[in-house]
Amino acid sequence: MYEVKLASFEGPLDLLLHLIQKYEIDIYDISMKVLTEQYINYIKSVDDLDINQHGEYLVMASELLRIKSKTLLPDAPVDDEIIEDPREDLMRQLLEYQNYRLYADILKSKKEMHEKHFIKRSNDLTHYENVDQTPLAIELTDLIAAYQKAKQRRKKMSNHQVSIVRDTYSMEEALYNVRQALRAHHLVTFDDFVTFSETKTQLVTLFLAILELMKNREINVRQDQTFGEIQIERGVNYGE
């Protein structure tokens, strides 16, 4: 008894490929007796066969019977004439359809893989554009260079005792310190925020805090000349 319904196939060629694989028929040397019998039996087993909807399956059934009958007839001897195998056209159609289905499966697999990836939409950054003031030219490397230059100007500390403590300087604390300094003074310099006893983590946190305030336009940072002193002042969004 057949478990697969006719609606499961996309056409008569799809059904033929199913039968070829099921009964291990050589597609290059089709046994028309086996294939035709199984195809006819399959068509007969369909209860809801609608000639208007499934007419193409019946056309294929008649074509299989025609090919089978031609293979059973003895070949008439004809001098210098190549006798064409009646199965050749069917074999070509099956091979083409098999390739189409293979490529369709590959494309379907790629589509399913593509659907598992999601592209993040770009953020609207127009509100960060500084339309009223000169664009900032200060980058993280400039802050690091200013720190190193200021450190060289200071005398080395005579006490070289080293104590190991856990860094507790948070981003929130760094933001608070910069805002408090600007609350007391309209203009401060980068040197006002360093004591040269900071750890690398504390320095990085300070740099990130300054860059965050620059991005939010809470502060303006400028450098009058190359390698000059970096000045920090209140921005248009300071105090929001």
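In this text, all values refer to a predicted model and were calculated from it rather than measured experimentally.

Draft legend 1. Spotlight on unusual backbone geometry. Even without being a glycine, Glu24 presents a positive backbone phi close to 55°. Along the chain, Glu24 turns up in the loop between α1 (12–22) and α2 (32–45). One non-glycine residue with positive phi stands out, namely Arg217, at about 60°. Position of Arg217 among the secondary structure elements: in the loop between α7 (200–215) and β2 (219–223).

Draft legend 2. Structural detail: α2. For α2, which comprises 14 residues, the first-to-last C-alpha distance of 20 Å matches the rise-based estimate of 20 Å (1.5 Å per residue) to within 8%. Inspection of α2 places Met32, Leu35, Thr36, Gln38, Tyr39, Tyr42 and Ile43 among the buried residues, and these make up the whole buried set. Along the long axis of α2, the arc covered by the buried residues comes to 165°, so they all point the same way. Along α2, exposed side chains directed more than 90 degrees from the buried face belong to Lys33 and Lys44. Each element contacted by the buried residues of α2 is listed here: α1, α3 (55–72) and α4 (88–115).

Draft legend 3. View of the nonpolar core. Counting 25 residues, the largest nonpolar core has Leu15, Leu16, Leu35, Tyr39, Leu64, Leu90 and Leu94 as the members making the most contacts within it. Those elements that provide at least two residues to this core are α1, α2, α3 and α4. For this core, the leading source of residues is α1, giving 6 residues. Tyr169, Leu175, Val178 and Phe207 belong to the second-largest nonpolar core, a separate cluster that totals 22 residues.

Draft legend 4. Highlighting the sheet that holds strand β3 (residues 230–234). Across the sheet, 3 strands lie side by side as β1-β3-β2; this open sheet has antiparallel pairing. At either end of the open sheet lies a strand with only one pairing partner, and these are β1 (187–189) and β2. Strand-to-strand twist across the sheet, computed as the mean angle between neighbouring axes with direction ignored, equals 25°. In terms of strand pairing, β2 meets β3 through 5 bridges, oriented antiparallel. Across the sheet, residue Asn220 finds its bridge partner in β3, namely Glu233. Running over the sheet, helix α6 (residues 171–184) touches β1, β2 and β3 and is turned about 75° from β3. Contacts from α7 reach β2 and β3 within the one sheet, and its direction differs from that of β2 by about 110°.

Draft legend 5. How the structure looks around α4. Here α4 is 28 residues long and its end C-alpha atoms lie 41 Å apart, about the 40 Å a rise of 1.5 Å per residue gives. Turning to α4, the residues buried within the fold contact α1, α2 and α3.

So, how was this worked out
Residues numbered from 1 in each chain as written. Predicted model: local features only at pLDDT ≥ 70, side-chain atom pairs only at ≥ 80, totals over all residues. Heavy atoms only, no water. Helix = DSSP H or I, 4+ residues; strand = E, 2+ residues; numbered from the N terminus. Expected span 1.5 Å × (residues − 1). Buried < 20%, exposed > 50% of the residue type's maximum accessible area, 1.4 Å probe, protein only. Arc of directions from axis to C-beta. Contact = heavy atoms within 4.5 Å. Core = buried A, V, L, I, M, F, W, Y, C linked by side-chain atoms within 4.5 Å. Pairing = 2+ DSSP bridges. Axes fitted to C-alpha atoms, helices over the stretch in contact; angles between N-to-C directions.

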